[in-house]
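Observations on the three-dimensional arrangement
This is what each chain is made of:
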Amino acid sequence: MPAEQLRVLITNDDGYLAPGIRALAPAIAELGYDVLVVAPLLDESGVGSARAGMVGRPIRTESDVENGVTFTGIEGTPALAVTLANVGAFGQAPDLVLSGINRGHNIGVPIFHSGTVAAALTAAGQGTSAVAVSIDSEDPGHWSTAATIAGEALGWIADEPAGTVLTINVPDRPLDRLSGVRHASLAPIKRSRIVGATAPTGEPMIELEPPRANPVPDSDEALLAAGFVTVTPIVGIREVKDDTAATALAKRLGSG
């Protein structure tokens, strides 16, 4: 389907003022898509798919225009932004969702904590295909590289079955210095850099360790470090077609 016929919701978890979304939205609009930008007013990183407090309350919004694109911030999470858009709160519901560009990578099994990735999974759960895009730097210098990759991924996913989701990580380097594009597995949970710590006050806290050596081959962690764009199709919550647990519980309750 031609780009100009498709409405794309662009959201993120860094906030509607973040440089990543400010670089992404105009680039996608230039491709001919009908762009709708709705994202959190403030940084909502790490909120996952939270939508707490969304029912029965007015949701505050603020908007501005930059490079010909209207950016709307909502008092809520990325998942809430997707939900509001899909129920028509901002006009026609989107055909596709694009989440990013996130500052910093989203790799490994713990990506379900990411607000960026969760926005894409929320879209899929509501029947809309989505792409989550992250750049491998906390202080990126090459937003345009990630924006270009996002645009190409959007063009591909538009023809895939509804509910398809990709999470993509892009090295922070010029487009012509990328090592290539590779399918990547998710780095296992044992590679998580999150560790428990104790604050000087004696209270528990979480810290991040430095990146570790010897990542799992062909994982998003390893390929991204080698300069590849990593592409990982993911799925959300789905039931297992197996009644073993229900049958066992019924027997334990004497009703089997």
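Residues numbered from 1 in each chain as written. Predicted model: local features only at pLDDT ≥ 70, side-chain atom pairs only at ≥ 80, totals over all residues. Heavy atoms only, no water.

Further remarks concern the sheet that holds strand β5 (residues 96-103). Each strand in a sheet pairs with its neighbour through backbone hydrogen bonds, running either in the same direction (parallel) or in the opposite one (antiparallel). Strand order in the open sheet formed by nine strands is β3-β4-β2-β1-β5-β6-β7-β11-β8, and the pairing between neighbours is mixed. Lying at the two open borders of the sheet, with one neighbouring strand each, are β3 (61-66) and β8 (180-183). When the angles between neighbouring strand axes are averaged without regard to direction, this sheet yields 20°. Where β3 lies against strand β4 (residues 69-74), six bridges are found, and the strand directions are antiparallel. Residue pairing across strands places threonine 61 opposite isoleucine 74, the latter belonging to β4. Taken strand by strand, helix α1 (residues 19-30) contacts β1 (7-11), β2 (34-40), β3, β4 and β5, and its axis lies near 140° from that of β5. (Pairing = 2+ DSSP bridges. Helix = DSSP H or I, 4+ residues; strand = E, 2+ residues; numbered from the N terminus. Axes fitted to C-alpha atoms, helices over the stretch in contact; angles between N-to-C directions. Contact = heavy atoms within 4.5 Å.)

Within this structure's numbering, the places UniProt gives as "domain: Survival protein SurE-like phosphatase/nucleotidase" (unreviewed entry) are residues 8-186. With 26% helix and 27% strand, residues 8-186 has its two end C-alpha atoms placed 27 Å apart. (UniProt positions renumbered as here; feature names shortened; annotations may be inferred.)

Counting buried residues in β2 gives six out of seven residues, a clear majority hidden from the surface. Where β1 and β2 come together, four bridges link them in parallel fashion. Note on β2: the bridge partner recorded for valine 8 is valine 35. The handedness of the β1 to β2 crossover, carried by α1, is right-handed. Note that β2 and β4 share four bridges and pair parallel. (Buried < 20%, exposed > 50% of the residue type's maximum accessible area, 1.4 Å probe, protein only. Right-handed = clockwise from strand over helix to strand, strands pointing away.)

In this structure, Ile10, Leu98, Val133 and Ile168 are the most contacted members of the largest nonpolar core, which totals 36 residues. Counting residues per element, this core draws most heavily on helix α4 (residues 143-157), at eight residues. When sequence neighbours within four positions are dropped, the list of residues in contact with leucine 98 reads Val8, Leu9, Ile10, Thr11, Leu24, Ile28, Val131, Val133, Ala150 and Leu154. Ranked by size, the runner-up nonpolar core spans 21 residues in total, among them Ile59, Val117, Ala124 and Ala130. (Core = buried A, V, L, I, M, F, W, Y, C linked by side-chain atoms within 4.5 Å.)

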